[in-house]
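Architecture and fold: a report
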Amino acid sequence: MKKYFSILTLLIILILTSCQTRVVSVQKPMQKNSLELYQKYTVQTNDGKMTKMEVLKQDETTIYGKTKTGEDMAIAKSDVREVKKVDIFSSIILGLAAVAAVVFIPI
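Heads up: these notes are all about the structure in this document. From a predicted model like this one, the values you see are computed outputs, not experimental measurements. Each chain has its residues counted from 1, running along the sequence as written. With pLDDT at 70 or above as the cut-off, local features in this predicted model cover only qualifying residues; side-chain atom pairs require 80 or more to be listed or tallied, and sums for whole chains, interfaces and linings still use all residues. Only hydrogens and water are set aside; all other atoms, that is, all heavy atoms of the structure, feed into the side-chain values.

What follows covers a nonpolar patch on the surface. On the surface, Val86, Ile88, Ile92 and Leu96 cluster together into a nonpolar patch covering about 360 Å² of accessible area. In DSSP terms, a helix is any run of H or I states spanning at least four residues, a strand is any run of E spanning at least two, and both are numbered starting from the N terminus. Take the nonpolar patch: its biggest share by element is three residues, from helix H2 (residues 88-104). Mapped onto the fold, Ile88 is located in helix H2. Here, patches come from residues exposed beyond 30% relative accessible area and free of salt bridges, joined within 9 Å for like charges and within 5 Å for nonpolar side chains (Val, Leu, Ile, Met, Phe, Trp, Tyr). In short, Shrake-Rupley with a 1.4 Å probe defines the accessible areas, and a residue's cover is counted only from the protein chains shown. The rule for a salt bridge is simple: a side-chain nitrogen of Lys or Arg has to be within 4 Å of a carboxyl oxygen of Asp or Glu.

With that out of the way, let us pick up the sheet that holds strand E2 (residues 40-45). Here six strands make up an open sheet; going across it, the order is E1-E6-E2-E3-E4-E5 and the pairing antiparallel. Looking at which strands have only one partner, the edges of the open sheet turn out to be strand E1 (20-24) and strand E5 (72-76). With direction set aside, neighbouring strand axes in the sheet form an average angle of 45°. Here E2 pairs with strand E6 (residues 80-86) via four bridges, running antiparallel. If you follow Thr42 over to E6, its bridge partner there is Lys84. Any two strands between which DSSP finds at least two bridges are classified as paired. Only C-alpha atoms enter the line fits that serve as axes; for helices the fit covers just the stretch in contact. Angles between N-to-C directions range over 0 to 180 degrees.

With that settled, consider the pattern of salt bridges. In the structure shown here, the tally under the stated rule is two salt bridges. One salt bridge in this structure joins Lys84 and Glu82, with 3.8 Å as the shortest N-O distance. The cut-offs for exposure are 20% and 50% of the maximum accessible area for each residue type, with area from a 1.4 Å probe on protein chains only; residues under the lower value are buried, those over the upper are exposed, and the others partly exposed. On the basis of relative accessibility, which here comes to 15%, the residue Glu82 falls in the buried class. Linked by salt bridges that have partners in common, Arg22, Glu82 and Lys84 make up one network.

To continue, consider the pairing of E2. Counting buried positions over the six residues of E2 gives five, a clear majority of the element. By the bridge criterion, five bridges tie E2 to strand E3 (residues 50-58) in an arrangement that is antiparallel. Its bridge partner lying in E3, Tyr41 is registered against Met53. Where E2 folds back on E3, the antiparallel hairpin that results is connected by four residues, among which Gly48 adopts a positive phi of roughly 95°.

Structure follows, in structure tokens:
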């Protein structure tokens, strides 16, 4: 029983840390309403730099936000390559569905 509990705990931790929703990518270009204000996103720029920030304001050309350390950031929308948002609720549902499928569906 202890073995199954540790495997289940590890599975849940992996799912919670790895599930992110891609909001903006090369296939899904940035729209006017792509980013919600006061939500936390991971922004990847064209030079490969990853920045985790809370979006505070956006205008026609720039996204303004604040990092976890309190530093103010301004990123040009034309420089954004990809934006991801952590989606914990969907991660939990996906994890529970996977565990339920393993438990209830006989192999």
